[in-house]
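Secondary and tertiary structure notes
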Amino acid sequence: EADIYQTPRYLVIGTGKKITLECSQTMGHDKMYWYQQDPGMELHLIHYSYGVNSTEKGDLSSESTVSRIRTEHFPLTLESARPSHTSQYLCASTSGKVGHEQFFGPGTRLTVL
Amino acid sequence: AQSVTQLDSHVSVSEGTPVLLRCNYSSSYSPSLFWYVQHPNKGLQLLLKYTSAATLVKGINGFEAEFKKSETSFHLTKPSAHMSDAAEYFCVVSDWSSYKLIFGSGTRLLVRP
């Protein structure tokens, strides 16, 4: 079982609130990722990091921001949540070595009213 | 550039019958390929992976996949479906130049009693 954790698992908030989705891994992986997934749809990469103090935007534009101050921690923040942000957010990590898979957290299902 | 195409958005089988989920890939070099499974409201779990070793890859829960370079395919099979196999399945190719995964659009497997 992968040692990657996300909190909260479910979050329902009102429009305009600031939220932070937490992601932590205990595998010492340098590379971490955030994906957004609408119900029954494919995953879209929104942010990634190759190490401490390294963050990049992914293939899908997102109003969220991320930080990587510690290797094990990769939080995602929405400064002002909107209903269009309603989705599932999945965090993943990998060692990045050839042939090594990404390990996924259980996800955070966000609903913005 | 790498890409994957999952040929069926939905597959429905009866319990106890074989499962076939189809995936074609495109890669400019020898790829690493993965199948992930996602149960409702869960993260992604790795079923199996191909990394240029044996072309027939065995995974968890009785699933296996065969890498066929001549057909650029990596189909997922299981001899006998179980009700617990009902889930979304993603075929994935890795882009080692960017440490990113390229996801297919997913196949939803329904298992009828």
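Below you will find a few notes about this structure. Since this is a predicted model, take the numbers as computed values, not measurements.

For residues that are not glycine, phi is negative in most cases, and the peptide bond is trans in most cases. Along the chain, A:Thr7 connects to A:Pro8 via a cis peptide bond; the corresponding omega equals -10 degrees. Summarising the element assignment, A:Pro8 is placed in the loop between β1 (4-7) and β2 (10-13). The backbone of B:Asn61 shows a phi angle near 60 degrees, a positive value even though the residue is not glycine. The topology assignment puts B:Asn61 in the loop between β7 (56-58) and β8 (64-68). Owing to a relative accessible area of 52%, B:Asn61 belongs among the exposed residues under this scheme. Despite not being glycine, B:Thr72 has its phi angle at roughly 45 degrees, a positive value. Residue position: B:Thr72 is located in the loop between β8 and β9 (73-78). Using a relative accessible area of 32% as the deciding quantity, one classes B:Thr72 as partly exposed.

Moving on to empty space enclosed by the protein. It is the rolling of a water-molecule-sized probe over the atoms that shows where space remains empty. As enumerated under the stated definition, the model contains one cavity of 30 Å³ or more in all. Its volume calculated, the largest cavity comes out at about 30 Å³. Every residue along the wall of the largest cavity is listed here: A:Thr94, A:Gly96, A:His100, A:Glu101, A:Gln102, B:Trp96, B:Tyr99 and B:Leu101. Grouping the constituent residues of the lining of the largest cavity by class yields three nonpolar, four polar and one charged.

This part takes up the layout of surface pockets. Empty space within the second largest pocket amounts to approximately 180 Å³. Lining of the second largest pocket is provided by 16 residues; of these, A:Gly40, B:Gln38, B:Pro40, B:Asn41 and B:Arg108 occupy positions nearest its centre. Taken together, the residues that form the lining of the second largest pocket break down as five nonpolar, six polar and five charged.

Per the stated rule, a full pass over the model turns up 14 aromatic pairs over all chains. Judged by centre distance (5.6 Å) and plane angle (45 degrees), the rings of B:Phe63 and B:Tyr89 are tilted. Highlighted residues: B:Phe63 in the loop between β7 and β8 and B:Tyr89 in strand β10 (residues 87-95), separated in sequence by 26 residues. The two residues B:Phe63 and B:Tyr89 agree in class, both being buried. An aromatic cluster is present here, built from A:Tyr33, A:Tyr35, A:Tyr48, A:Tyr50, A:Phe104, B:Phe34, B:Tyr36, B:Phe90, B:Tyr99 and B:Phe103 joined pairwise through their rings. A cation over an aromatic ring shows up here: A:Lys31 above the ring of A:Tyr50, its NZ or CZ 6.0 Å from the ring centre. The positively charged end of A:Lys31 is found above the aromatic ring belonging to B:Tyr99, 4.4 Å away from the centroid.

On to the pairing of strand β4 (residues 23-26) of chain B, then. Residues and elements named next belong to chain B. Side-chain alternation along β4 places Cys23 and Tyr25 on a buried face and Asn24 and Ser26 on a face that remains uncovered. With four bridges connecting them, strand β1 (residues 3-6) and β4 associate as antiparallel partners. Residue pairing for β4: Gln6 is matched across the bridge by Cys23.

Residue and element names in this part refer to chain A. Summed over all chains, the structure comprises two disulfides over all chains. Each sulfur of the disulfide joining Cys23 and Cys91 lies 1.9 Å from the other. The sign of the S-S torsion, about -75 degrees, decides the handedness of the disulfide formed by Cys23 and Cys91: left-handed. Note that Cys23 is positioned in strand β3 (residues 19-25) and Cys91 in strand β9 (residues 87-94), a separation of 68 residues in sequence.

Another aspect to go through is the pairing of strand β5 (residues 44-51) of chain A. Residue and element names in this part refer to chain A. Of all eight residues in β5, six are buried, a share of seventy percent or more. By the bridge criterion, five bridges tie strand β4 (residues 31-37) to β5 in an arrangement that is antiparallel. Residue pairing in the sheet places Tyr35 in a bridge with Leu45 of β5. Counting the residues in the hairpin turn of β4 and β5 gives six residues, including Gly40, whose phi is positive at 70 degrees. Direction of pairing for β5 relative to strand β6 (residues 54-57): antiparallel, over a ladder of three bridges. Residue His47 lies in a different strand from β6, and its bridge partner there is Lys57. Hairpin connection from β5 to β6: two residues lie between these consecutive antiparallel strands, with Asn53 at a positive phi of about 65 degrees.

Parameters at a glance
- Residues numbered from 1 in each chain as written.
- Chains lettered and ligands numbered in written order.
- Predicted model: local features only at pLDDT ≥ 70, side-chain atom pairs only at ≥ 80, totals over all residues.
- Heavy atoms only, no water.
- Helix = DSSP H or I, 4+ residues; strand = E, 2+ residues; numbered from the N terminus.
- Buried < 20%, exposed > 50% of the residue type's maximum accessible area, 1.4 Å probe, protein only.
- 1 Å grid on protein atoms, 1.4 Å probe; cavity = no way out; pocket = protein on both sides within 12 Å on 5 of 7 lines; lining within 4 Å.
- Points joined across faces, edges and corners; volume = space filled by probe spheres on them.
- Nonpolar A, V, L, I, M, F, W, Y, C, P; charged D, E, K, R; others polar.
- Phe/Tyr/Trp six-rings, centres within 6.5 Å; stacked < 30°, edge-to-face > 60°.
- Lys NZ or Arg CZ within 6 Å of the ring centre and 35° of its normal.
- Pairing = 2+ DSSP bridges.
- Disulfide = S-S within 2.5 Å.

The values are spatial; any link to function lies outside them.
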